[in-house]
Amino acid sequence: MECWGSKSPEKRVMHGRITMRRQERKAQERFVRLKKISKQRYTNVPKDLLELYENKFGVAEKFKSPAISKSLLESYENKFGVAEKFKSPARLGVADTTIERSRPLIPLTFQKRAEKSINGLKDPTYNYSTPIASPTPSYVSVRSSPTPSYVSTHNYSLSPRLSSASSIEFPKELPPPPQLVKTCIQQSCYTYYNTKTFEQINSLELLDPQIYNKLNSWICNKSIVNVERVVKKSEDNQRVLVPQETLCWSYNNRRTGDQRRSFQRLKKTDEEDEWCYKTTVLQYKENPEVFSIEAESRELQESISKESEQIMEENREYATKEEIQEELRCLETVEEMGVQAAIKHIKEENKNNDNLKAYICRELSLKSPRNESSLYNGNLTNKKRSATRRLRDWIQCDGYPSLTLEQAEKLVVMLNSGDKILVEGDKVSVRGNDLITLKKRGWLNDEVINFYVELILKRAAREPEKYPKIHMFNTFFYPLLEKKGYSGVARITKRAKLDIFSLDMVIVPIHLQIHWALAVINIKERRLEYYDSMSKGCNESVLSLLKHYVEEEYKDKKKAPSYDTSEWKYYRVNNLPQQTNAYDCGVFSMTFAEHISRGASVLFTPPRYMKYFRLKMMWEIIDSELLPVDQQLQPCKVSEPVKNGSITNNYVNYSGQKRTFEDNCILGN
């Protein structure tokens, strides 16, 4: 035998070639043995599949090459159990090679194989169920070698039915998720505001400074906000920060303007004003509750479902037939009762909130023959709005404070007070019969309008820095001016010690026989404005009379020979809201006056909200104070004056034609 010493390069190459040839020969013998045994024992292994493996991946690497596609491996595994053939425990002896029927290693059982003819030959003397003692092929023989590369590459795992050998490692179960608790942290918040479009953006990160800068009308403010955070619960983390409401006291020094705040009440000086309010601060909490995302999501979904059902119920347009019948029966039962007795009966005996809403809506409207015939003659209509929707028209309006069911109930009781004085003003008192004019289809009388004028003047005097400087005459001013001229109203401003030329505007209610309108002497802008809910034009006779009043008032109070009003113009507002009936003109006029007195736009949305404005005026009169309305100040869009500085008196309807007698009749309910 030749002894190899230090090998030269030629010898190394020759030795490598011999080794490769030896390995190829062994692989060829192994493949021939595999095909021979597969024909005898695994008759269901197709020959074309073996040839496919030989041609595509080579003899030696066809079962452990990582280049084998996953789909091909899955098809082979589903048919023949590849993973179980290639990943089996350590080699067993010949006596232990009998495979249980429960294991899917051999596709066909021994009994079924005994019935099959192998290559057309069948020896009746041979027991086919006896285990074959021939050498086990490489892809069936079990080894203790590591998992083949193709299994690890494609994340193949062994079947639990394969074996219970200790060499097999099953995937371990994932550890349970950690317990979480909620806490709060402080984080910077950036508020961006566009001074032109009034758009606001809140962000927890800085936005692009090239876009959101002062050149593009954006201003930015940085603040600190409390945001929730989820952390793991551990022994070292037994306390968290949670937001809680607490009282805070503020003290303002009227003389110096200094302010101090404290979470405890301090002793204030004579120069300080004290007030208290609620604020949210972070406080520590021991042993917090475990936060579960699933429970939180489930609770949130339940609350959303309840709110959705409630919203759908509130927004339901029409009532059902049963609800209409129940409502009619209830209203007929309480027809002869007083208001307080009827409300008590519905609350205690009927116990139906929808019937209470329906009763309040009926009492807030003046009865008409049409409604009476349709309500009590037994003709039941299938199209009747639900009581909730009908009441919402009375107590809710977009952009204005909402009223409550209790407030509406209180007003219904006061509407039936008769001649009893409900509220007294400086010069006007309002009785129950006066308040009835604010019901639906009611024409407002002088007492209601004059009392509302006092409320507007009180608000302007109480907050002069917030609202324009105004004065508003009562309903008797214009009739006296029209009848007696300036001499009939000259002493009004003298008694009130009022200089109208130091104000921004003067508001004048205009009563034209059976119609209410509004005029404004805008001293700051040097113009005369006219607001009429039944005309898109301008009443030149009214404005010319007011212009003459301004001239005479200036000469009388300023002791001047004349007053130049050549620069004064007549103006009207474009797209002024118009009424669709013959009884809302007084409500329109007072709503115009309330908006103008605080510098707001008069372009609200009638006539849908006129019920709300009636009930709002009713409550403000009873409460002797106007409701606070946080509405953005917007100037009214006015039209350009026509030639020679005036606008003709063109009373027109919606089609642009002159208003006729039919246009002035009732157009709706």
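Predicted model, so just to flag it, every value in this text is computed and none were measured.

Novice: What should I look at first to understand the sheet that holds strand S5 (residues 259-262) in this one?
Specialist: Strands belonging to one sheet form pairs held by backbone hydrogen bonds; the direction of such a pair is parallel or antiparallel. Pairing within the open sheet is antiparallel, and its three strands lie in the order S5-S4-S6. Unpaired on one side and paired on the other, S5 and strand S6 (272-286) mark the two borders of the sheet. Recorded for the sheet is a direction-independent mean angle of 25° between the axes of neighbouring strands. Of the pairings in the sheet, the one linking strand S4 (residues 239-253) to S5 comprises four bridges and is antiparallel in character. Of the residues in S5, the one forming a bridge with Asn 252 is Gln 259.

Novice: Would you mind going over the sheet that holds strand S13 (residues 569-572) with me for this structure?
Specialist: If you trace the five strands from one edge of the open sheet to the other, you get S9-S10-S11-S12-S13, paired in mixed fashion. Each end of this open sheet is capped by a strand with a single partner; those strands are strand S9 (470-472) and S13. Neighbouring strand axes in the sheet, compared pairwise and without regard to direction, differ in orientation by 25° on average. In terms of strand pairing, strand S11 (residues 515-522) meets strand S12 (residues 527-531) through five bridges, oriented antiparallel. When the sheet's bridge partners are listed, Leu 518 is paired in S12 with Tyr 531. The sheet contacts of helix H15 (residues 446-462) involve S9 and S11, and relative to S9 the element is tilted by about 165°.

Novice: In this structure, what is going on with the nonpolar core? I would like to understand it.
Specialist: Most often, soluble globular proteins have nonpolar side chains that are buried together. Within the largest apolar cluster, 69 residues are counted, with the highest numbers of intra-cluster contacts made by Tyr 531, Leu 615 and Ile 621. Here this core gathers at least three residues from each of two domains, domain 2 (337-365 + 387-416) and domain 3 (424-623). Among all residues touching Ile 621, those that are not within four sequence positions of it are Val 423, Val 430, Leu 435, Leu 438, Val 448, Phe 451, Tyr 452 and Leu 455. In terms of nonpolar packing, the next biggest core, distinct from the first, is built from 29 residues, Ala 490, Leu 546, Val 550 and Tyr 563 among them.

Novice: Honestly, the pairing of strand S2 (residues 200-203) in this entry has me stumped. Any pointers?
Specialist: Strand residues, when the strand is regular, have side chains that alternate between the two faces of the sheet. In the sheet, strand S1 (residues 180-194) pairs with S2 via four bridges, with the strands oriented antiparallel. Within S2, the position partnered with Tyr 193 by the bridge is Gln 200. Two successive antiparallel strands, S1 and S2, enclose a turn made up of five residues, where Phe 198 displays a positive phi of approximately 60°.

Novice: I would appreciate a short explanation of the packing of H15 against helix H20 (residues 610-623) in the present structure.
Specialist: Two elements in contact, H15 and H20, have axes whose closest approach is 10 Å; the angle formed by their N-to-C orientations is 70°. With respect to H20, the element H15 is oriented roughly perpendicular. Viewed along their axes, H15 and H20 form a crossing whose handedness is left-handed. Here Val 448, Phe 451, Tyr 452 and Leu 455 of H15 come into contact with H20, specifically with Lys 616, Met 617, Glu 620 and Ile 621. Taken together, the residues of the contact of H15 with H20 sort by class into six nonpolar, no polar and two charged.

The rules behind each value
- Residues numbered from 1 in each chain as written.
- Predicted model: local features only at pLDDT ≥ 70, side-chain atom pairs only at ≥ 80, totals over all residues.
- Heavy atoms only, no water.
- Pairing = 2+ DSSP bridges.
- Helix = DSSP H or I, 4+ residues; strand = E, 2+ residues; numbered from the N terminus.
- Axes fitted to C-alpha atoms, helices over the stretch in contact; angles between N-to-C directions.
- Contact = heavy atoms within 4.5 Å.
- Core = buried A, V, L, I, M, F, W, Y, C linked by side-chain atoms within 4.5 Å.
- Buried < 20%, exposed > 50% of the residue type's maximum accessible area, 1.4 Å probe, protein only.
- Domains from an automatic or database assignment.
- Parallel < 35°, antiparallel > 145°, perpendicular 65-115°, else oblique.
- Left-handed = near helix turned anticlockwise from the far one by under 90°.
- Nonpolar A, V, L, I, M, F, W, Y, C, P; charged D, E, K, R; others polar.

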